[in-house]
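One letter stands for each residue in the lines below.
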Amino acid sequence: NTAEKTESIKTLTKQITLLEANIEELLGSTGLLSKQVAALKAEMDNNQQMRKTAEALREDEKEAFEKAEADMTEAIGQLKQALEILGEVGADQTLEESAEHEQFMAGYKDGSSLLKLKTSVKQALLAANSFVSPKQSRRVESFLQSPFAGSYASNSGEVFGILVNMKETFESNLAAARSAEKAAVKAYEKFMETKREEFKVMEDSFKTKQSTMTDNDGSLEEKRTALQVAEKQKTDDEDFLEKLLPMCEKKAKEFEERNMLRTQEQAAITEAIAILDSDQAFSTFGKVKATSEGATGFLQLIAVGHSPKVSSDAAMRKQAVEMLQQASRGSSKVLRVMAMLRAGNPFTTVLAAIENMKKLIAEEAAVDKEQLDWCKSEREENNGKKKEKEAQIKELESAISELEKTIDHPETGLKVMIKETEDSLVENSKSQAEETKARREENVVYQENVANTAKAVELLQTGIEKLEKYYSDLKEQQEKELELVQKKRADPEPPETWSGSYKGQSTQGNKVLEMLNFVLKATADEETAHHDAEQQAQTDYEDSMAALKKAEEDLQESLAKSQKELAEAEKSLVMKRQELEKTEAEKLAIEQYLEKIKPGCDFITDNYEDREKNRGLETKALKNAAKLLKGTPAFAAATATEKKESWGKCRKICSKEEAHVDCKACLAHVSVPGYCAGHPGTAGC
C-alpha cells in the first residue's frame, strides 16, 4: 500500500505540475488574446470611422466641385456669348472701319442682343468676382450702361480684353478643378481600398483570435477539472499515507522490539546451551543421577549434537551483518535486514526479505531512471522551444525596428516623406495662386496700358484731324482771298500796313503734323508691344501652370503611394508587435515551466550517479549476505526439512531414496507400473 500510494502521489504530482503549467499557459494566451482582440476592435472601429469621414469629405468635395464646375461652365458659356456679340460689332477691333464710322455701335440697334450681352456679362462678373479687380468690374459695368457714349473703340477694346482674360481664367480654373477632382478621386479610391484591405486583415485576425479564445476557454475548463480531480486524489493519497505511515512505523517498532526480544531470548538460550554443553557441565551432569538418567538425558544429546551448528550459524549471521553494515550507508532497507539478522530470524525469512529489498532497489532504480529520462527529455524539448522563441523574438524585434525605421526615420521615413510631399503640394498650390495673382496683376497693368495707349491714339488722331481740317480750311480761304485780290488790282493802293491774307502757322503746321503722326505711330507701336508682351506673358503663364499641374499630379500620386505604403507598414507593425507579445508570453510560460520542474530535476540529475552507486553496493552486499546465509548448515537443514514437508504423505517413502520409482510414482499420484511405463529409465523399474 505504501509503495502504491507513494507512486500514485509521485505520478499525480507530475500530472498536477503539467496541468498547472498548461493552465498558466492558457491563461497567459487568453489574456494576451483578450488585449489583442480589444486593440483590434478599437482599430477596426477607427478604420470604419476614417472611411465614414473620408466618404463624407469626398461627398462634400464632390458637391462643391460639381457646383463650381457648373458655375464656371455657365460663366464660360456666357462669356463666349458676350464675346460673340461684341465680335459681331467689331469690338475685337478686327473690322476695317475705325471709330469714325458712326462709332461702330451707333448703327447697331439689335436690342435683344444688347440685352443678352448685358445679362451674360453681369452674370459672368458675379462668377468672376474673386479674380476681377474692382476697376475692371467698374469699367465693364460702365461700358454696359452706356455702350454708345464716348469713343467706342477704346472702351470696347478694353472690355473685350477683360472678358477674354476672364474667359481664359475660367477655362484654366475649370481645367485645374477637374484635374484636382480627378486626382482627389484617385487618392480617395486608393485610400478606401487600403483601408478596406486593412479592415479585412484585422477582421480575419479578430475572428481567429476570438475562436482561439473560445477553444482556450474549453481547454481551460477541462484542465481545471482534471487539476481538481488530481489534487483531490493526491490529497486523499497523502491523507491515507499520513495515516498509514504512523501505523507502519508503530508496527515496525513493535516488530523490531519483538525481534530484539527474540534475539535476546535466542542469545540467552545460546549462552545457556554453551554453559550446559561445556566439558565441566558434561562431567558434572555425568555424576548426577537426575541429569544422566531418565527423561533429562536428552540435554547431553542435544548439546552434543547441536552445539557446532549453533556456533556456525551465529558466526555466519555476524559476518553477514558486518558485510551489510559496510554497504548500508544509512539505507533503511539494508538496516532492516541487519535488524532481522541480529534478531535471529529464520534464514528463509531473512532471505525472502533480502530478495524483497533487492526488488525494491531495482524498482527504485527504474523510477529514478524514468525520472531522469523524463527530466532530460522535458528540459531538452523545452530548452529547444525556448531557443526557437528567442530566435523568433530576435527576428520580430529586428523586423519591428526596421518597420519603425521605415515609418519614423527622421530623414527617409514614410511620415517624413508624406509631410514633405504635402508641403510640396502646399508650395505648388501656393505657386499656382501666386503666379495666377501675378498674371492677373500683369493683365490689369496691360489693360491700363492698352487703355492709355488707345486713349492717346484717340486724342492724337482727334488733334491731327482738327489741325488738318483747320489748315485745309485756311488754305481754301487763302485761295479765295487771292482770287479777290486779283480782281481788285485796278483800285488805288491802300496805305502800307501788312500785305496778303493771314497765313497763320501753316508753314510750321506741317512739321507739327509730322511730329504728331510720328507720336501717333510710336503710340500705336507701343500698344502693339503691350499686346505682344501680354501674349508672351500669357503663354509663359500657361506653360508654367501646365508644369505646376503636372508636378501637382505627380505629387498627389506619390502622396497616395506613400500613404498606402504607410498604412501597410503600420498594419505590419501592429501584427509584428502582436506576434512579439504572443511569442514573449509563450517563452515566459516555457521558462516558468522549466523553473517549476527545476528542483526535482536538479536533485535527480545531481544525485543519480551516487544513488546508482549506492544501490549497486546495497545489492552486492545483499547478494553476498544471501550467499553466506545459504551456505550455513541451518539453511541446508531448513531447505531439507522444507523439501521433506513438500513431499507430504510421500515423505516416508521418499526419505529412503528420492530418485526411486516408488517416490516418483507416489509424488505423481500414479501406480509404480504406470510410472515405469512412462519413465522406463527410472531407478527401480
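Preceding block: the structure.
As a starting point, this report considers the structure included with it. Residues take numbers from 1 onward in each chain, read along the sequence in its written order. Local features in this predicted model are restricted to residues of pLDDT 70 or higher, and side-chain atom pairs are both shown and tallied only at a pLDDT of 80 or more, whereas totals for entire chains, interfaces and linings draw on every residue. Only hydrogens and water are set aside when side-chain values are computed; all heavy atoms of the structure are taken into account.

Further remarks concern the overall build of the protein. Under the scheme used here, helices are H or I runs from DSSP no shorter than 4 residues and strands are E runs no shorter than 2 residues, and both carry numbers assigned from the N terminus. Counting secondary structure elements, the protein contains 15 helices and 0 strands. For every residue, the accessible area (1.4 Å probe, protein chains only) is compared with the maximum for its type, and the residue is labelled buried under 20%, exposed over 50%, or partly exposed between those bounds. Going through the 685 residues of the protein one by one, you find that 31% of them count as buried. We call two residues in contact whenever any of their non-hydrogen atoms come within 4.5 Å of each other. Long-range contacts, defined here as pairs at least 24 residues apart, represent 80% of the contacts in the protein between residues at least 6 apart.

Turning to the environment of Ser 431, a few remarks are in order. Locating Ser 431 in the fold gives a position in helix H10 (residues 414–487). Separated by 113 residues in sequence, Ser 431 and Ser 544 have C-alpha atoms that sit 9.8 Å apart.

For the rest of this paragraph, the subject is the nonpolar core. Counting residues in each nonpolar core, the largest one holds 14 residues, and the members touching the most others are Ile 407, Leu 566, Ala 569, Leu 573 and Leu 580. Counting only elements with at least two residues in this core, the list comes to helix H9 (347–408), H10 and helix H11 (506–630). Sorting elements by how many residues they give to this core places H11 first, with 6 residues. Discounting residues that sit within four places of it in the chain, Ala 569 has contacts with Leu 403, Ile 407 and Leu 414. Here, nonpolar core means buried Ala, Val, Leu, Ile, Met, Phe, Trp, Tyr and Cys residues that are tied together by side-chain atoms lying within 4.5 Å of each other. Of all hydrophobic cores here, the second largest spans 12 residues; its members include Met 72, Leu 79, Ala 82 and Leu 163.

Each reported salt bridge corresponds to a side-chain nitrogen of Lys or Arg within 4 Å of a carboxyl oxygen of Asp or Glu. What the rule picks out here adds up to 34 salt bridges. The closest approach of N and O atoms between Lys 549 and Glu 552, which form a salt bridge, is 3.9 Å. Taken as a pair, Lys 549 and Glu 552 lie in helix H11 at a separation of 3 residues, close to a single helical turn. Accessibility assignment for this pair places Lys 549 and Glu 552 in one class, buried. The network of salt bridges with common partners includes Glu 364, Asp 368, Arg 611, Glu 612 and Arg 615.

What follows deals with the state of the cysteines. For the purposes of this analysis, a disulfide is any pair of cysteine sulfur atoms at a distance within 2.5 Å. Counted by the stated rule, this structure contains 4 disulfides. One disulfide in the model links Cys 375 with Cys 601; its S-S distance is 2.1 Å. Of note, the bridge from Cys 375 to Cys 601 carries an S-S torsion of about -80° and is left-handed in sense. Of this pair, Cys 375 sits in helix H9 while Cys 601 sits in helix H11, and the two are 226 residues apart along the sequence. In this structure Cys 375 comes out as buried when scored by relative accessible area, which is 1%. The exposure class assigned to Cys 601 is buried, which follows from its relative accessible area of 1%. One disulfide bridge connects Cys 676 with Cys 685, the sulfur atoms lying 2.1 Å from each other. Disulfide Cys 676 to Cys 685: torsion about the S-S bond roughly -90°, handedness left-handed. With relative accessibility at 45%, the residue Cys 685 sits in the partly exposed group. For the protein, numbering the cysteines in disulfides from first to last along the sequence yields the connectivity 1-2, 3-6, 4-5, 7-8.

The patches reported here contain residues having more than 30% relative accessible area and no salt bridge. Joining distances are 9 Å for like charges and 5 Å for nonpolar side chains (Val, Leu, Ile, Met, Phe, Trp, Tyr). Using the Shrake-Rupley algorithm and a 1.4 Å probe, accessible areas are obtained, with residue cover drawn only from the displayed protein chains. His is not counted, nor are the chain ends, whereas Lys and Arg count as positive and Asp and Glu as negative. By convention, the point assigned to a charge is CZ for Arg, NZ for Lys, CD for Glu and CG for Asp. Side chains of Glu 55, Glu 59, Asp 60, Glu 63 and Glu 66 sit close together on the surface and give a patch of like negative charge. Assignment of secondary structure puts Glu 63 in helix H1 (residues 2–88). Note on Glu 63: relative accessible area 55%, which makes it exposed.

Where nonpolar side chains cluster on the molecular surface, the patch consists of Val 512, Met 515, Phe 518 and Val 519 and spans about 370 Å² of accessible area. Structurally, Val 519 is set in helix H11. A relative accessible area of 33% means that Val 519 is categorised as partly exposed.

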